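# Descriptive analysis of the structure
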Amino acid sequence: DETEEGSSFITLVAWGIGAAILIFLARKWMKGGQFTEHVSAKAKIAAVTGANTGIGLETVRDLNFRGAKVYMLCRNEERANEAKVKLVRMGCDATRLLFEQCDLSKFSSIRECAKRIAEAESHLDILINNAGIMFYPKYELTEDKHEMTWQSNHLGPFLLTELLLPLIEKSEEGRIINVSALLHEESGPLHLDTIDDKKPFGRLAAYNRSKLANVMHARELSRRLRARGNNIITVNSLHPGACATDLLRHLGPLGKKPFMTIGSFFVKTDRDGAQTSLYLALSKKVKGVSGCYFSDCARKTESTLALDDLACMQLYDYSRTAVGIE
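Residues numbered from 1 in each chain as written. Predicted model: local features only at pLDDT ≥ 70, side-chain atom pairs only at ≥ 80, totals over all residues. Heavy atoms only, no water.

A few words on the nonpolar core. Judged by nonpolar contacts, the single largest core of 44 residues is most densely connected at L73, L124, L127, W150, L164, I176 and L190. Secondary structure elements with two or more residues in this core: β1 (45-49), β2 (69-74), α4 (107-120), α5 (148-168), α6 (203-227) and α10 (309-322). Here this core takes 9 residues from α5, the largest share from any one element. Those residues in contact with W150, other than ones at most four positions away along the chain, are L155, L190, L192, I195, D196, R209, S210, A213, L315 and Y318. If you look at the next biggest cluster of nonpolar residues, it comprises 34 residues, including F35, V39, L57 and C74. (Core = buried A, V, L, I, M, F, W, Y, C linked by side-chain atoms within 4.5 Å. Buried < 20%, exposed > 50% of the residue type's maximum accessible area, 1.4 Å probe, protein only. Helix = DSSP H or I, 4+ residues; strand = E, 2+ residues; numbered from the N terminus. Contact = heavy atoms within 4.5 Å.)

Here you go:
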């Protein structure tokens, strides 16, 4: 009996060690690609939307560590200040962390934010369109009469990019990054004439459409810049990986808590999720690379719809009209 008990104990220990090894390997695999280049961002000026939480906060942290001055574009000043305190405790230089109020669901807020940055800086080196919303609980129009997810995730970042583009064009090596998502592959074609209507709205469908638009926007802006002779600025999009971030806030406590508790073992941390944004913002390996889609610090293939050049052109023209740019 003692021999059987000893054998059972050894078997249990072996299973435990095996399970621990599997969990370790799974976590290592889930971390995905890491930006490990020793690249300085000293004297660079960056702007990051959604900078007070999740991937945005980790992006700001790394850029600041590397020497950049970072504009934290956030909706809420109180939450931005709390994030700033957190970043300073993590070792960031507070003198290179600047808050700018920017609500992507309000064109007026975006215009005011861009104006303030243009008045304060002679150029902008890096723009990371990171902020976004997901699973918005209901169909709702913004004050600008656009569906909330569509404006927050596409039209808002599009307007911000257009307004800051003159500053980016003055950079020695301007880089624009759109944080999209793998779910852009699940979107159907963009029907721009009805995209703000209630009928096509769905909590996930609206998100998928906006993420497709992020990829298409990057491709078309890159094409237009090259067409007018600008071969310096790069514009790319990315999938950060599955992360348990504040992006899930609209799931509500009953949906978000189980995901954060159980799913956290199988998804990336915020820091891991920020790696491809940092790679596209700073890596020497992607200097001059533009109009592409990345994940895990590597080039990936976009969805077929995102590669439709005519649709990309139509989206860009529609977007300029929708945000009020002549």
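Axes are the key here: two packed helices are described by the angle between their axes and the distance separating the axes. α5 packs onto α4 with a crossing angle of 25° between their chain directions and a minimal axis gap of 10 Å. Here α5 runs roughly parallel to α4, going by the angle between their axes. As α4 runs across α5, the sense of the crossing is right-handed. On α5, the residues that touch F107, I110, R111, A114, I117 and A118 of α4 are Q151, L155, G156, L159, L160, L163, L164 and L167. Partitioned by chemical class, the residues of the contact of α4 with α5 number 11 nonpolar, 2 polar and 1 charged. (Axes fitted to C-alpha atoms, helices over the stretch in contact; angles between N-to-C directions. Parallel < 35°, antiparallel > 145°, perpendicular 65-115°, else oblique. Left-handed = near helix turned anticlockwise from the far one by under 90°. Nonpolar A, V, L, I, M, F, W, Y, C, P; charged D, E, K, R; others polar.)

Another aspect to go through is the sheet that holds strand β7 (residues 293-295). Pairing in this open sheet of 8 strands is mixed, and the strands run β3-β2-β1-β4-β5-β6-β7-β8 from one edge to the other. The strands lining the two open edges of the sheet, one partner per strand, are β3 (97-101) and β8 (298-300). On average, each strand axis in the sheet is tilted by 25° relative to the strand beside it, whichever way the strands run. Relative to β2, β1 runs parallel, the two being bridged by 5 bridges. (Pairing = 2+ DSSP bridges.)

A few words on the side chain of H154. Mapped onto the elements of the fold, H154 is located in helix α5. Residue H154 is classed as buried on the basis of its relative accessible area of 1%. Within polar-contact distance, the side chain of H154 engages the side chain of S319 at 2.8 Å. When neighbours within four sequence positions are excluded, H154 is seen to be in contact with T149, S210, A213, N214, H217, L315 and S319. (Polar contact = N/O pair within 3.5 Å; in protein donor to acceptor, adjacent residues only side chain to side chain.)

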